[in-house]
Amino acid sequence: MAIFHLSVKTVSRSTGRSAVAAAAYRSGDTLTNERDGRQHNYANRTGVDDSFIIAPAGCEWAYDRSTLWNAAEQAEKRSNSVTAREYVLALPAELDAKERAGLARAFASAVVERYGVAADVALHAPSAGGDDRNYHAHILTTTREVEADGLGKKTRILDAAKTGGPEIESLRELWAMQCNEALERHQQPARIDHRSYERQGVDEMPTIHLGPTSTAVERKHKAEQERKREPYKPRTFKAQENQRRQVLNESVQKLVQDLADTIREAIAQEKQVEQKQLLRMVDWYCEEINRRNKISFKSGDAWINEQNRLMNGNPVAGAEALVRELPAYRQRLRVIEEKKAEIKRVEDEIERAESAIRRSENEIQEWHEEAGFFARIMPPEDIKKSRKNIVEWRESIAKKTSFLAILKAALSEMMSALKSFVFGECQKPEIHAKLRLRG
């Protein structure tokens, strides 16, 4: 299934790295760093499905990889300067190569439009011996705006403490939205969510990202264990912690499943008990009717003939008419009418909420078609509020729908009880006596 992953890193001289080397390695290219004269040759590297550069309009010079990243190196003077920023994205394995490339291009284009930088995109295939679903993209961007004649001012919005976090959160949300749109467009059921399990309300511990070092250690260790024909046991701390969390998650899922099964069994047993009690009551009721009929009349035919004579051929209507005059019947009928009014009120509330959702969804769709990538990263407050309202309305509809089902079930029980009440009262000797008097 598709997974969400978007991490943002920096390429800094303080760690001995350079933008030229990073670009050469990710794209499988050969580049020379003009600042120190070192050549970085990765032309024979495998696993690079595709690579391309996206730059602002009118900045054709930036499409040359060597020129772009040497300019990025030359623009920075300090020994601890950040010369590039990298976005690592997990691409949905459910999409084919062309669709994955289009998805990475769409995100890179949004970043270029938002910050005015250039983006060097490299699409990587799963590595040998690893997860064959691990299609991912490395997007290397400049830390300065790209202009027609070179690099411009530094983009500080992602570096500042106050703005960096919200910006990255918006990018994560954008990536999740783009992935889900692509999956839906290609009729794939998988969906991803940029929020943590805690924010989603999911009772599950997230796993730790291993990274290249731990992954290499685990692959080597796993291969050694297989050669020795020994069961694989994680070696690095991260892998061991992931195994522990996986065991805990499976235990929690089993407990939840067991609890759900127990609840279902309890409900089923309770229904069986209720059904048995109802059958016993019906049996008793039928026996009681038979007993009273035998007391009142010598035979069923005699009773029918007598009632037909007394009520001009419609004894049932006459008996029911007498029962409807009873205070107990009127009280039951009043409760039923109140329940019907309550059901109508809840149905109206659901209809109003559904209408509000349709209106808001239409407004969001119209904005979505006109906004473009720039606005999708930071939607206006009214769109955010509309999305929040839609979620709240849907939750309210779900609750009210469940409540409505309970009300309708209660009304059905009341109607059945009323019919039973009328039928039972019609069999009583005092009703027969009144019928005789009226006859």
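What you see is a predicted model; the values in this text were computed from it and never measured.

A. Representation of the sheet that holds strand β6 (residues 119-124) in the model. If you walk across this open sheet you meet the 5 strands as β1-β5-β7-β6-β4, and the pairing is antiparallel. Taken across any chain shown, the strands that pair with only one partner, and hence form the sheet edges, are β1 (6-12) and β4 (48-54). For this sheet the average axis-to-axis angle between neighbouring strands, irrespective of direction, equals 20°. Sheet topology places β4 next to β6; 6 bridges connect them, and they run antiparallel. Residue pairing across strands places I54 opposite A119, the latter belonging to β6. Strand contacts of helix α4 (residues 161-185): β1 and β5 (82-90), with the helix running at about 130° to β1, the strand carrying the most contacts.

B. Focus on the pairing of strand β7 (residues 136-141). Burial of β7 is extensive: 6 of the 6 residues sit out of reach of the surface. Burial of β7 is two-sided: the residues H136, H138 and L140 facing one way and the residues A137, I139 and T141 facing the other way are all buried. Direction of pairing for β5 relative to β7: antiparallel, over a ladder of 6 bridges. Within β7, the position partnered with R85 by the bridge is T141. Sheet topology places β6 next to β7; 6 bridges connect them, and they run antiparallel. Pairing of A122 across the sheet is with H138, part of β7.

C. A look at the confidence of the model for the protein chain. Residues of the protein chain with pLDDT of at least 70 account for 75%, and the chain-wide mean is 79. Across residues 295-301, confidence stays below pLDDT 50; counting only partners more than four residues off in sequence or on other chains, it has 7 contacts. Overall, residues 306-318 carries pLDDT values under 50, and its contacts beyond four positions in sequence, including any with other chains, amount to 14 contacts.

D. Representation of the nonpolar core. The biggest cluster of nonpolar side chains holds 35 residues, and the ones touching the most others in it are Y87, F107, L123, I139 and W175. Those elements that place two or more of their residues in this core are β4, β5, α3 (97-115), β6, β7 and α4. Among the elements that make up this core, the one with the highest residue count is α3 (9 residues). Residues in contact with F107, not counting those within four places in the same chain, are L6, Y87, L89, I139, L171, L174, W175 and Q178. Within the second largest apolar cluster, 18 residues are counted, among which are V11, A23, A62 and W69.

E. Summary view of the pattern of salt bridges. Within the structure shown, the criterion is met by 15 salt bridges. A salt bridge links E351 to R358; its shortest N-O distance comes to 3.5 Å. Between R394 and E361 there is a salt bridge, and its shortest N-O distance comes to 2.2 Å. Here R394, found in helix α11 (residues 381-426), pairs with E361, found in helix α10 (residues 327-377); they are 33 residues apart in sequence, far enough to count as distant. Of the residues examined, E361 reaches a relative accessible area of 31% and is grouped as partly exposed.

F. Representation of the packing of aromatic side chains. Under the defined criterion, the tally for this structure stands at 3 aromatic pairs. Where Y25 meets Y42, the ring centres are 5.1 Å apart and the plane angle is 85°; that geometry is what we call edge-to-face. Residue Y25 is located in helix α1 (residues 19-27), and its partner Y42 is located in the loop between β3 (39-41) and β4; the two are separated by 17 residues in the primary sequence. On the basis of relative accessibility, which here comes to 29%, the residue Y42 falls in the partly exposed class. Clustering of aromatic rings is evident, with ring pairs tying together Y87, F107 and W175. The ring of Y25 carries R45 above its face, with NZ or CZ at 4.1 Å from the centroid. The lysine or arginine in question, R100, covers the ring of Y135, its NZ or CZ lying 3.6 Å from the ring centre.

G. Just a nonpolar patch on the surface, in detail. There is a patch of nonpolar side chains on the surface, built from L259, I263 and I267 and spanning about 270 Å² of accessible area. Looking at the element boundaries, I267 is found in helix α7 (residues 237-296).

H. Focus on a positive patch on the surface. A grouping of K220, R227, K228 and R235 is seen on the molecular surface, where their side chains present a positively charged patch. Within the secondary structure, R235 is located in the loop between α6 (211-227) and α7.

I. Representation of α3 within the structure. In a regular helix each residue adds 1.5 Å, so 19 residues correspond to 27 Å; α3 covers 27 Å between its end C-alpha atoms and thus fits that length. Taken as a whole, α3 has its buried residues at R100, A101, L103, A104, A106, F107, A108, A110, V111, V112, R114 and Y115. A distance of 3.3 Å separates the backbone nitrogen of K98 from a side-chain oxygen at the start of α3, and that oxygen is part of D96. Once α3 finishes, G116 follows within two positions and takes phi at roughly 70°, a positive value.

J. Up close: a negative patch on the surface. A contiguous patch of negative charge on the surface is contributed by E363, E366, E370, E381 and D382. Taken together, the elements giving at least two residues each to the negative patch come down to α10 and α11. It is α10 that provides the largest number of residues to the negative patch, a total of 3 residues. In this fold, E363 is placed in helix α10. Classification of E363 as partly exposed rests on a relative accessible area of 47%.

K. Examining the packing of α3 against α4 more closely. Between α3 and α4, the least distance of the axes is 10 Å, while the angle of their chain directions is 150°. Both α3 and α4 take part in a crossing whose hand is right-handed. Seen from α3, the contacting residues are L103, A106, F107, A110, V111, R114 and Y115; seen from α4, they are E167, L171, L174, W175, Q178, C179 and A182. Of the residues assigned to the contact of α3 with α4, the class counts are 11 nonpolar, 1 polar and 2 charged.

Thresholds, definitions, all that
- Residues numbered from 1 in each chain as written.
- Predicted model: local features only at pLDDT ≥ 70, side-chain atom pairs only at ≥ 80, totals over all residues.
- Heavy atoms only, no water.
- Pairing = 2+ DSSP bridges.
- Helix = DSSP H or I, 4+ residues; strand = E, 2+ residues; numbered from the N terminus.
- Axes fitted to C-alpha atoms, helices over the stretch in contact; angles between N-to-C directions.
- Contact = heavy atoms within 4.5 Å.
- Buried < 20%, exposed > 50% of the residue type's maximum accessible area, 1.4 Å probe, protein only.
- pLDDT = per-residue confidence, 0-100.
- Core = buried A, V, L, I, M, F, W, Y, C linked by side-chain atoms within 4.5 Å.
- Salt bridge = Lys/Arg side-chain N within 4 Å of Asp/Glu carboxyl O.
- Phe/Tyr/Trp six-rings, centres within 6.5 Å; stacked < 30°, edge-to-face > 60°.
- Lys NZ or Arg CZ within 6 Å of the ring centre and 35° of its normal.
- Patch = residues over 30% accessible without salt bridge, like charges linked within 9 Å, V, L, I, M, F, W, Y side chains within 5 Å.
- Areas by Shrake-Rupley, 256 points an atom, 1.4 Å probe, with all protein chains shown as cover.
- Lys, Arg positive; Asp, Glu negative; His and termini not counted.
- Charge placed at Lys NZ, Arg CZ, Asp CG, Glu CD.
- Expected span 1.5 Å × (residues − 1).
- Polar contact = N/O pair within 3.5 Å; in protein donor to acceptor, adjacent residues only side chain to side chain.
- Left-handed = near helix turned anticlockwise from the far one by under 90°.
- Nonpolar A, V, L, I, M, F, W, Y, C, P; charged D, E, K, R; others polar.

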